[in-house]
Amino acid sequence: MEPDTNAADGAAAPPAPKRESQLRSFLRHRAAVASGGILLLLVCAAIIVPLLWRYNYTQLTNSLNTPPSLAHPLGTDALGHDMLAQTARALGESLMIAAVVTAFAITVGSIVGLVSGYAGGRVDMVLMRFTDLIMTIPLIALAAFLANKAGSLAGPQWLHIAFVLAIAIWTWPARLVRGVALRLRSEDFVLAARASGVSRTRILATHLLPNAMSQVLVAAPIIAAVSILAESGLSFIGFGVQPPDTSLGVLVANAQGEMFTQPWLFYPPGLLIVLIALCGNFLGDGLRDTLDPRGAAMGALGLTRTARETGTPPAKPTARPLLAGPDIGGPGDALLSIRGLSVFLSDGTAILRNVSLEVGKGEVLALVGESGAGKSTVGNAIVGTLPRRSKTYGEVRYEGRQLLGLGFRAFRSIRGRAVSMILQDPMTCLNPVFTVGRQLREAYVHGRQESRGVVEARLVEILAIMGIRNPRHCYRQYPHELSGGMKQRVAIAMATCNEPGLIIADEPTTALDVTIQADVVDLLRNHCVKARAGMLFITHDMGLVAGIADRVAVMYAGSIVEYGTVEDIFERPTMPYTKALLGAVPRVGQAAGRLETIPRVITASRNLNGDSCPFADRCSVRFDRCAETPPLLPLGDGHYAACWHASSLAVEA
Amino acid sequence: MLLEARDVKKSYMSRRGRKDSHGGVAAVDLVSFGLYGGATLGIVGESGCGKSTLLRCLVRLETPDAGQILYRGADLSRSKERDLREFRRHVQWVPQNPYSSLDPRMLIRRVVAEPLIATGRRDDDGEVTAALNSVGLGPWAAQRYPHELSGGERQRAAIARALVVSPQLLVLDEPVSALDVSVRAEVLNLLQDLRTEYGLAYILVAHDLAVVLAVCDRVAVMYAGQFVEVASAEDISGAPAHPYTRALLSAVPIPDPRAERARERILLRGEPAPLSGATIGCRFRSRCPVYLEVLDAQAKTQCNEVAPTLQQAGGSSHTVACHYPD
Amino acid sequence: MALRYLVKRLAAGVGVLVGATIIIFLLVNAAGDPLGPLEQQQPPVPRAVIAAERLRLGLNKPLPERYLQWLAGVVHGNWGPSIDPATNIGQQLAQRIPVTMELVGTALVIAIILALVVGTIAAVRPYGIFDSLSTPTSFFLLALPSFWLAVLLKQLGILYNQRTETQTFYTVGSSSPNLAPGIGGYILNIAGHVILPTVTLALIHYASWSRYQRAAVLDSLSSDYVKSAVLRGLSYRQVLWHAVRPALIPVVTVIALDIPALLSGTVIVETVFQWNGMGAFLLQSITEDDPNAIMAWFLVAAAAVVGFNLIADLAYALLDPRIRYGT
């Protein structure tokens, strides 16, 4: 047997991943960077212009109502104010108020949100009721009322206005942060910290706060945009900044009637507000893409760019032209015949390399492999649901007809009728807003003339055959009322109701309990036998394969590495990967001994390029010839293995 | 005895808010077992049987509603956080999903060191490296972020985090279900090695019987919040007494085509019963092949009215909760 | 069942309203003495007059008692005395609420329809021609201050009228005597008044709702159930409906949350177009420092928000069977 290598200890460290600093990542967002730049420019202008410009914003000159000129770049108004000075002052006021509001809203909102989200229970309920109540009051109304009252208080006016607006706006970041805190509270890493005895405060500080802060940072520029719109609106109706002081909203209010006669009074302040708000939104977008790319902060299941797959590495792109696959043999007029199928992503990565297989009528072919091997891709290629920008080569023939490249219309006659597919997760494959019956009917009805009653009776019968206890009731139910096992049975009913010739089952039982799984697998097998349908059964579970398959294709890194009858594969595994895979499965009744593992990377990969055997860098019997990709070599009787050792290692029957 | 549970019960308000007489859904209903130092117990059950809830009660992430959890003889089921310090150091929890069990914003080094800090010890590089070594990760791993590691490596890191404080008991919730087949083998081997080297005790929960049997000496089968059979690994696979255990065994696929196709499948009708508050009698009877096909009406009354409790069956350490375990 | 759900939401709504009354009352009355300006008026107002005013407005009683009295009055339709003895708050409300409802209702309908249509089309062909036009437009509209847009449209309307020498757009007031004959003339009259203010209000909210709709439909299009629909061999239209129909649910939430903002918008739009609706009433009441009037306004606004939220709850029940049949 193969030597047992658990080479992780002492093995060379995998190459350090390229880490992009957050700054660099942010700088790639041109819109966000430009927005940040513009905002910075405006802030500088608001500070510098009043210092350097010869006119003061309260100063009255002798030129009344003059359009823009060298002396007055933004013209003058009816009283002789220089508009550049006024606009700069207004810009400064508006920006300052927006900044203060943002700071205040974020601080108060974050505190409330964190406390509420992490504490949960009654505290959360009370705080959220309070927040909700504030949120039901229209912002401008509240602000106008408070600003009016605050007018009599001591202190600078802009501070009052900022305060007043902040009282209305803090609710939004509070809700945001609360959402983050709630989600994080039940994340596994927080639970693990609690189970290790980490104190609550520490968890808040080290786990919750950084994650929440990034969300807050993303929200900040958007809050600023909202603030400036709110402040200018308030000032426009007369309850914000009061003369002699000015803000952008006041300027617009003053210029209301003069839009055509003195456009230089009307457009600049309005356009400035738009510019600031736009920049704020773009900046927020850019920050979001940098700091919180697709749930990275939430530890979601989506792998980010630098992650590596678990069982198999992604297929390396190959430079050599692709050959047609070998003659696989099997019955002459196979139901499904795939030759030389290769699929490349838009960036050139190969996810399938030269795959060839066949499924005959009434035959079950199991496609086995770990994640990343490309098995689902084969299924997708057959039914035409590959990602949009991928390139496909080769042949996929169903009853002789080439399926690759068919358009939506052409595929319509095939999908669900001749070829159907069962998806992995029953929880999400049924539309939650339509009844089971309706979804079944849709699948069944195309091209049939029968009346509704007849159709319903037939479908109820099918549901009964699927093992659903109360089919008539189930027909009228919505998916959320069914259990996982029942949903999968409905999915199988939908896939088989038109008696397709070929069924593709993509990990149909992964999400089900093992007792239900046995039932469902039996169901599938019986259907295939009765209807003489061929089935492509995609799975990672070798036990299932042993139970249901007639023939097996083992996949690794986008290629088929071994192919044969189920006895061939289990009793005479030839390719080292197949052997390792079989040895890795724990068996009931087997003494609790060590399981076979596949080493991570034994040899440095500098000698290996896209033309070598994909398994070479983890293979314990690798030798020189493995620098060349082995094709599927025949071992006799329809058994093939893609390994140069094939002839010598083929075990006698 | 290292850890013992006595009649632990944990309920949740049923989602429909219906007022049961017991005030809710019993996710864990009167579970008892004992574990000695260095021993391993595997808990097998399907979705909704309450095994994850039981684990969370055992590590005091949740407080049980009733019953006791004794650590070295001291009842901790109601203790306050500050009294649990020692307990938390000696009993470590490894969560299920390696993709979410490590804070994505923290370097592995910090992640593994966290329990050290929590138990008031110094954040020592040496301890971190030692922990990483013992799970087969080199020092390079300490400088990586979780998303830069593969699933198997992440799971090892999670185990390293548990090991860094030299615990006596590891509680593992589905440690390999999110991993690929070949990677599972690595982690299962690792668990065996760690046990041999450090004398760790395990409580391991899984829905895959083969996984449990690969690591654990003793197995408890759980259904609808209760243990229905507890026995050694050999007895569970060789001489299962409870009908559910037998059905479970027959449902686990065997990677051997001749054996798999030759064997007789015991199919259970229906779905795992939705947990409801008060149930009289045996909870399994709606699906039990013995009840439905073999027993006569008179024999059924026993199952209808009396909930079976764990009784001796066969060997000395083999208990089963069934009225007709034959 | 759906009925139980709706009753629960109704009860919750009433609870919110009661909570709102407390906050509103505290806010308005704890914020200062409404008779302050009167006391500082020159020439000084006789003390007796001030005392009488205080009595009339009920300001001499303790806070909780005033609250209960006010609340009791409101429930019976008595909104309390205005600071201007000639004004009847209830009457004002009766006149002004329909005006504002006309504005809000029309804007809501326009914005919703536009948002659903545009958002869906943009999602079905993302980054295509339609999306490349509608997305920047939405971004721009989101950054546009409503008052600026209002003034812009108003002036453009005036310009159009001048150039065509007609009275197509009415930019002042919500209605005027109908000079043109017949039903056609009547409709044109109403439309002419309504169109500019409504478009102003609708455009801004349409922008944010259409973005949400686009995101919701995109999300739905990449779901397993849509893939499942494709795999069943459904037609393009059927698949689209499978995607769009569930995507309507999250948008309802967004719209309901935006209702207070919509009401804020009416304050500004009514100011610019000089409609005698609730918006104008609020500003007037604030300027005159009329606490009962202000409270009445806030309460009506809160009631409107609660009312719209109930409609949203009804929409949920209709759209989402998980709510209809309880999870």
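If you're wondering where the values come from, they're calculated on a predicted model, not measured in any experiment.

Caption draft 1: Fine view of the sheet that holds strand β7 (residues 169-173) of chain B. All names here are of chain B. Strand order in the open sheet made by the eight strands is β6-β7-β8-β3-β9-β10-β12-β11, with mixed pairing throughout. Of all strands in the sheet, those with a lone pairing partner are β6 (91-94) and β11 (311-312), marking the two edges. Alignment of β7 against strand β8 (residues 201-206), held across five bridges, turns out to be parallel. What sits directly across from D173, in β8, is V205.

Caption draft 2: Inspection of the confidence of the model for chain A at higher detail. Residue and element names in this part refer to chain A. Overall, the predicted model of chain A reaches an average pLDDT of 83, with 88% of residues at or above 70. Low pLDDT, under 50, characterises residues 1-10; the stretch is placed with 20 contacts to residues that sit more than four places away or in other chains. Every residue in residues 602-609 is under pLDDT 50, and counting partners more than four places away or in other chains gives 10 contacts.

Caption draft 3: Representation of the nonpolar core. Counting residues in hydrophobic clusters, the biggest one holds 380 residues, and the most contacted among them are A143, A144 and V554 of chain A together with V171 of chain B. The dominant element in this core, judged by the number of residues it contributes, is helix α9 (residues 200-236) of chain A, at 17 residues. Those residues in contact with A144 of chain A that lie beyond four places of it in its chain are L234, I237 and F239 of chain A together with L283 and I286 of chain C.

Caption draft 4: Just the packing of helix α5 (residues 139-150) of chain A against helix α6 (residues 157-169) of chain A, in detail. All names here are of chain A. Between α5 and α6, whose axes approach to 9 Å, the crossing angle comes to 145°. Handedness of the crossing formed by α5 with α6: right-handed. In contact with L139, L142, A143, L146, A147 and A150 of α5, α6 contributes H160, I161, V164, L165, I167 and A168. By residue class, the composition of the contact of α5 with α6 is 11 nonpolar, one polar and no charged.

Caption draft 5: Quick look at the sheet that holds strand β6 (residues 419-422) of chain A. Residues and elements named next belong to chain A. Pairing is mixed across the open sheet formed by eight strands, whose spatial order is β6-β7-β8-β3-β9-β10-β12-β11. The sheet terminates laterally at β6 and β11 (633-636), the two strands that pair on one side only. Pairwise comparison of adjacent strand axes, ignoring direction, gives a mean angle of 20° for this sheet. Here four bridges tie strand β3 (residues 364-368) to strand β9 (residues 551-556), and the two strands are oriented parallel to one another. Residue pairing across strands places L367 opposite A553, the latter belonging to β9. Sheet contacts for helix α17 (residues 484-496): β6 and β7 (502-506); angle to β6, the most-contacted strand, approximately 170°.

Caption draft 6: Region of the structure containing the environment of I190 of chain C. Inspection of the secondary structure assignment puts I190 of chain C in helix α8 (residues 182-221). Put simply, I190 of chain C and R232 of chain C are 42 residues apart on the chain and 50 Å apart in space, counted from C-alpha to C-alpha.

Caption draft 7: View of the pairing of strand β1 (residues 336-344) of chain A. Residue and element names in this part refer to chain A. Where burial is concerned, most of β1 is hidden: seven out of the nine residues are buried. In terms of strand pairing, β1 meets strand β2 (residues 350-359) through six bridges, oriented antiparallel. If you follow F344 over to β2, its bridge partner there is A350. Remark: five residues form the turn of the hairpin made by β1 and β2, two consecutive strands paired antiparallel; G348 in that turn has positive phi of roughly 100°. Note that β1 and strand β4 (residues 391-398) share seven bridges and pair antiparallel. Each bridged residue has a counterpart across the sheet, and for V343 the counterpart in β4 is T392.

Caption draft 8: Just helix α18 (residues 514-531) of chain A, in detail. Look at α18 of chain A: 26 Å from first C-alpha to last across 18 residues, which is about the 26 Å you get at 1.5 Å a residue. On the buried face of α18 of chain A, the contacting elements are β3, α17, β7, β8 (534-539) and α19 (542-548) of chain A together with α9 (243-251) of chain B. Of the residues flanking the end of α18 of chain A, it is R532 of chain A, one or two places downstream, whose phi is positive at about 50°.

Caption draft 9: Local environment of the environment of R9 of chain C. Residues and elements named next belong to chain C. Counting through the fold element by element, R9 comes out in helix α1 (residues 2-29). Residue classification places R9 among the partly exposed positions, given that 19 C-beta atoms sit within 10 Å. Sequence spacing of R9 and V306 is 297 residues, and the spatial spacing of their C-alpha atoms is 9.9 Å. In contact with R9, other than residues within four places in its own chain, are L310 and D313.

Caption draft 10: Examining the interface of chain B and chain A more closely. With 69 residues of chain B in contact, the opposing surface of chain A contributes 67 residues. The element that contributes the greatest number of residues to the side of chain B that touches chain A is helix α6 (residues 181-198) of chain B, accounting for nine residues. Each residue belonging to the side of chain B that touches chain A can be placed in one class, and the counts come to 35 nonpolar, 18 polar and 16 charged.

What counts and how
- Residues numbered from 1 in each chain as written.
- Chains lettered and ligands numbered in written order.
- Predicted model: local features only at pLDDT ≥ 70, side-chain atom pairs only at ≥ 80, totals over all residues.
- Pairing = 2+ DSSP bridges.
- Helix = DSSP H or I, 4+ residues; strand = E, 2+ residues; numbered from the N terminus.
- pLDDT = per-residue confidence, 0-100.
- Contact = placed C-beta atoms within 7 Å.
- Core = buried A, V, L, I, M, F, W, Y, C linked by C-beta atoms within 7 Å.
- Buried ≥ 20, exposed ≤ 12 C-beta atoms within 10 Å, placed from the backbone.
- Axes fitted to C-alpha atoms, helices over the stretch in contact; angles between N-to-C directions.
- Left-handed = near helix turned anticlockwise from the far one by under 90°.
- Nonpolar A, V, L, I, M, F, W, Y, C, P; charged D, E, K, R; others polar.
- Expected span 1.5 Å × (residues − 1).

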